[in-house]
Amino acid sequence: THAVFNHSIPWVYLLDYTSGKYLLISKSMKLMLGYDPDYFMKGGLELVFDNYERNHFRLFNESIFPDRLEVLKKIPPAEHANHIFTYNFHYRSKSGDFVNLLQRNCFVKSDEQGNPLLSFGVITNINHYKTDNPVMQVVEKISPDGMFDSSNLVFKKAYYLNKEDALFTKREMELLRWVADGLTSKEIADRLYISEFTVVAHKRNM
């Protein structure tokens, strides 16, 4: 692979839920995050969770993963491997910076009760494409020919790291910051290059 693509090469993993250990982590993890794959192979899930950004881990633990289990319950275990689960999260690199990652995985093996046993996934750096909020989780079903189709969307949900983010739009949050600084509607309108009427309308909505 040409060096120009090194920063964006995804890393692949195979995770055994019964032991909490990784059976495979590709070397491209080191290119993306700086960690030696053996570091996580030995440490398992516990070590992986230690490097999640705190709020992203809370969101995953309290909302994203429980929702995944609910989705899996509605799918026959034999069909789990035909569904792709996707979500984005922040993860600490070896240098200490947080990287915005996109994980796509399928549960290649589940027990008869539908509990996931083995997960295969691909993780990509999306720093330049996605910001913090909202965190999106999508579940897609693979069509019989192995290709995706827009009609095969099974589940889609937006998650917010902070409760206030779910209450207000991005523009409304922007307005709130200016209001908190004591700016008038006209001053806010001038800064955002919108009409004063629009600012007043946003305030009324909030």
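Just above, that's the structure.
Basis of the calculations
- Residues numbered from 1 in each chain as written.
- Predicted model: local features only at pLDDT ≥ 70, side-chain atom pairs only at ≥ 80, totals over all residues.
- Heavy atoms only, no water.
- Helix = DSSP H or I, 4+ residues; strand = E, 2+ residues; numbered from the N terminus.
- Expected span 1.5 Å × (residues − 1).
- Buried < 20%, exposed > 50% of the residue type's maximum accessible area, 1.4 Å probe, protein only.
- Contact = heavy atoms within 4.5 Å.
- Polar contact = N/O pair within 3.5 Å; in protein donor to acceptor, adjacent residues only side chain to side chain.
- Pairing = 2+ DSSP bridges.
- Axes fitted to C-alpha atoms, helices over the stretch in contact; angles between N-to-C directions.

(A) Representation of helix α3 (residues 54–73). Under the 1.5 Å per step criterion, the end-to-end length of α3 is 28 Å for 20 residues, consistent within 8% with the ideal 28 Å. Every buried residue of α3 is accounted for by Asn 55, His 56, Leu 59, Phe 60, Ile 64, Asp 67, Arg 68, Val 71 and Leu 72. Residues of α3 that are buried make contact with α2 (37–50), β3 (83–92), β4 (98–110), β5 (116–125), β6 (135–141) and β7 (153–159). Put simply, Glu 53 is the residue that caps the front of α3, since its side-chain oxygen is 2.9 Å from the backbone nitrogen of Asn 55.

(B) Fine view of the sheet that holds β4. The antiparallel open sheet is built from seven strands, whose spatial order is β2-β1-β5-β4-β3-β6-β7. Strand pairing shows two members of the sheet lacking a second neighbour, β2 (21–25) and β7, which therefore form its edges. Between one strand and the next, the sheet's axes are offset by a mean angle of 25°, whatever the strand orientation. With six bridges connecting them, β6 and β7 associate as antiparallel partners. Looking at β7, one finds that Val 135 is bridged to Tyr 159. In this fold α2 packs onto β1 (11–16), β2 and β3, with an angle of close to 130° to the strand it touches most, β2. This element, α3, spans β3, β4, β5, β6 and β7 of the sheet and lies at about 175° to β3.

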